[in-house]
Amino acid sequence: PIYLAPHVDGDLDSVNRMHIETALHRCGKVAVAWGATVRDLDWMGEDVADEVLLILFRAGIRPFCLGRTKAGYPRHPLYVSSGEPLVVFEHRIEE
């Protein structure tokens, strides 16, 4: 969502975390879709993606995706055909 503020330190702050946790209780399914470029984003990066997945795991949410990239990241919707089904995004979580 647009109200999630980017942070250059590669970490989710408490406000962004709160918005994510609040949104989780208003949806039926959660899809993750950051694509392979997540590793190159200064403001997000793989650490923030892992934090988001940990929030989902702790909330008992099983994330979905539109398939995986060659590197195993959840595919970004821009690079997926319109008929692509959601599939469970299996990811190992380390607490």
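Peer 1: Quick one: what's the story with the overall build of the protein, residue by residue and with numbers?
Peer 2: A tally of helices and strands in the protein yields two helices and two strands. Counting from the amino terminus, the protein carries its helices and strands in the arrangement α-α-β-β. Counting only residues that meet the buried cut, the protein has 31% of its 95 residues in that class. Taking contacts inside the protein between residues at least 6 apart in sequence as the whole, the part at least 24 apart equals 62%.

Peer 1: So, the packing of aromatic side chains: which residues are in play, and what are the values?
Peer 2: Using the criterion set out here, one finds zero aromatic pairs in the structure. When the ring centre of Phe 64 is taken as origin, the NZ or CZ atom of Lys 29, which lies over that ring, is 4.7 Å away.

Peer 1: Go over the pattern of salt bridges, please, and point to the residues and values.
Peer 2: Taken as a whole, this structure holds two salt bridges when the rule is applied. Notably, a salt bridge pairs Arg 17 with Glu 51, separated by 2.8 Å at the nearest N-O pair. With Arg 17 in helix α1 (residues 14-24) and Glu 51 in helix α2 (residues 45-58), this residue pair connects regions lying 34 residues apart in the sequence. Here Arg 62 makes a salt bridge to Glu 90, at a shortest N to O gap of 2.8 Å. Here Arg 62, found in the loop between α2 and β1 (64-65), pairs with Glu 90, found in the segment after β2 (87-88); they are 28 residues apart in sequence, far enough to count as distant. Residue classification places Glu 90 among the partly exposed residues on the basis of a relative accessible area of 49%.

Peer 1: Run through the environment of Lys 70, naming residues and quoting values.
Peer 2: If you trace the backbone, Lys 70 turns up in the loop between β1 and β2. Taking the C-alpha atoms as reference points, Lys 70 and Ala 36, separated by 34 residues in sequence, lie 8.4 Å from one another.

Conventions adopted
Residues numbered from 1 in each chain as written. Predicted model: local features only at pLDDT ≥ 70, side-chain atom pairs only at ≥ 80, totals over all residues. Heavy atoms only, no water. Helix = DSSP H or I, 4+ residues; strand = E, 2+ residues; numbered from the N terminus. Buried < 20%, exposed > 50% of the residue type's maximum accessible area, 1.4 Å probe, protein only. Contact = heavy atoms within 4.5 Å. Phe/Tyr/Trp six-rings, centres within 6.5 Å; stacked < 30°, edge-to-face > 60°. Lys NZ or Arg CZ within 6 Å of the ring centre and 35° of its normal. Salt bridge = Lys/Arg side-chain N within 4 Å of Asp/Glu carboxyl O.

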